[in-house]
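Each chain, letter by letter, is given below.
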Amino acid sequence: MTVLIAYASALGSTREMAQHMAYRMAGALGEVECRSVEDVEALSRYEAVVVGSAVHNQAWLPPALLFFKHHARELAGRPVWAFSVGMADALPQPIRRRGAALQQKRLAEALIKEVPLRGHKLFSGVYQAGQMPAPLRVLFRLTGGRFGDLRDWAAVDEWADQITAQLAKPASSASSGSITG
Ligand SMILES: Cc1cc2nc3c(=O)[nH]c(=O)nc-3n(C[C@H](O)[C@H](O)[C@H](O)COP(=O)(O)O)c2cc1C
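Below you will find a few notes about this structure.

Parameters and conventions
Residues numbered from 1 in each chain as written. Predicted model: local features only at pLDDT ≥ 70, side-chain atom pairs only at ≥ 80, totals over all residues. Heavy atoms only, no water. Helix = DSSP H or I, 4+ residues; strand = E, 2+ residues; numbered from the N terminus. Core = buried A, V, L, I, M, F, W, Y, C linked by side-chain atoms within 4.5 Å. Buried < 20%, exposed > 50% of the residue type's maximum accessible area, 1.4 Å probe, protein only. Contact = heavy atoms within 4.5 Å. Phe/Tyr/Trp six-rings, centres within 6.5 Å; stacked < 30°, edge-to-face > 60°. Near = heavy atom within 4 Å. Polar contact = N/O pair within 3.5 Å; in protein donor to acceptor, adjacent residues only side chain to side chain. Areas by Shrake-Rupley, 256 points an atom, 1.4 Å probe, with all protein chains shown as cover. Nonpolar A, V, L, I, M, F, W, Y, C, P; charged D, E, K, R; others polar. Lys, Arg positive; Asp, Glu negative; His and termini not counted. Salt bridge = Lys/Arg side-chain N within 4 Å of Asp/Glu carboxyl O.

Here the focus is unusual backbone geometry. Positive phi is not limited to glycine here, since Asn57 has a value of about 50°. Tracing the sequence through the fold places Asn57 in the loop between strand S3 (48-56) and strand S4 (59-60). Even without being a glycine, Gln58 presents a positive backbone phi close to 65°.

Below is the structure:
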């Protein structure tokens, strides 16, 4: 089985997560290719696809959205999982969980308009103080916001293992379900 993990990353944290998943999944599934969405021309040789993007301004990066639209028909014929990398865990604690749930729902709804998905997962990435406009930084910190590498590698491993388990099942018993939002 050849699996594609395609990513769009502005500053590298999403790329590193995609590479980590590819390495982990390759152990069980054989060939797993990890490429930037801009380096993928066709999907014909892939049996399953995982697509991930950094989130900017509450949406996927334009190259990742373009990838989804451009390959929508081919993606619809394969099992597809999507992941988004944002900064929910940087938010002040009282609104962190609700912020993540709302963002996860909104992003999944936008994506499944283009392609049926087996699953969508929101992760937190790397959010440094320099990425926020200076006047907002002090206020953000004062209200409980935080900066740093917020990646939860155990959660990434768990999600990659769930996908691996589904793909490793014989075709007849593999779930063909898709998420609805
Ligand atoms: C210009 C800019 C805008 C961002 N907008 C959002 C956003 O709307 N929602 C969010 O959750 N995270 C947002 N982030 C945080 C990034 O998604 C996060 O830093 C992520 O790890 C970036 O991934 P990358 O390193 O692969 O580019 C933004 C970051 C930058 C630099």
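What follows covers the nonpolar core. Leu4, Trp60, Phe67, Phe68 and Leu75 are the most contacted members of the largest nonpolar core, which has 26 residues in total. Ignoring anything within four residues of it in the chain, the contact list for Phe67 reads Leu4, Ala6, Val37, Val40, Leu43, Val51 and Leu75. Core analysis: the next-biggest nonpolar cluster, separate from the first, contains 22 residues, Tyr7, Ala48, Phe83 and Ala160 among them.

Considering all chains together, one arrives at six aromatic pairs under this definition. Considering the side-chain rings of Trp60 and Phe68, the 5.2 Å spacing of their centres and the 70° angle between planes classify their relative orientation as edge-to-face. Judged by its relative accessible area of 1%, Phe68 falls in the buried class. Both rings, one in Phe123 and one in Trp159, keep their centres 5.8 Å apart while their planes meet at 75°; by these two values the pair is edge-to-face. Of this pair, Phe123 sits in strand S6 (residues 119-124) while Trp159 sits in helix H6 (residues 153-168), placing them 36 residues apart in sequence. Across the pair, Trp159 and Phe123 agree in class, each one buried. These aromatic residues form a ring-pair network of at least three members: Phe83, Phe123 and Trp159.

The next subject is the site of the ligand. Lining the immediate environment of the ligand, one finds 19 residues, of which Ser9, Ser13, Thr14, Val55 and Val126 sit closest. In the model, an oxygen atom of the ligand is placed 2.6 Å from a nitrogen or oxygen of the Ser13 side chain. Residue Met87 places a main-chain N or O atom 2.9 Å away from an oxygen atom belonging to the ligand. Contact with the protein chains covers 86% of the free accessible surface of the ligand, which is 640 Å². Taken together, the elements giving at least two residues each to the shell around the ligand come down to helix H1 (13-29), S3, strand S5 (80-86) and strand S7 (126-127). Residues that form the shell around the ligand fall into these classes: eight nonpolar, eleven polar and no charged.

Attention now moves to the side chain of Arg78. Mapped onto the secondary structure, Arg78 falls in the loop between helix H3 (72-76) and S5. No salt bridge is formed by the buried Arg78; the nearest opposite charge belongs to Glu74, separated by 4.9 Å. Here the side chain of Arg78 touches Ser44 through a polar contact of 3.5 Å, landing on its backbone oxygen. Dropping the residues within four chain positions of it, Arg78 is found in contact with Leu43, Ser44, Tyr46, Glu47 and Val49.

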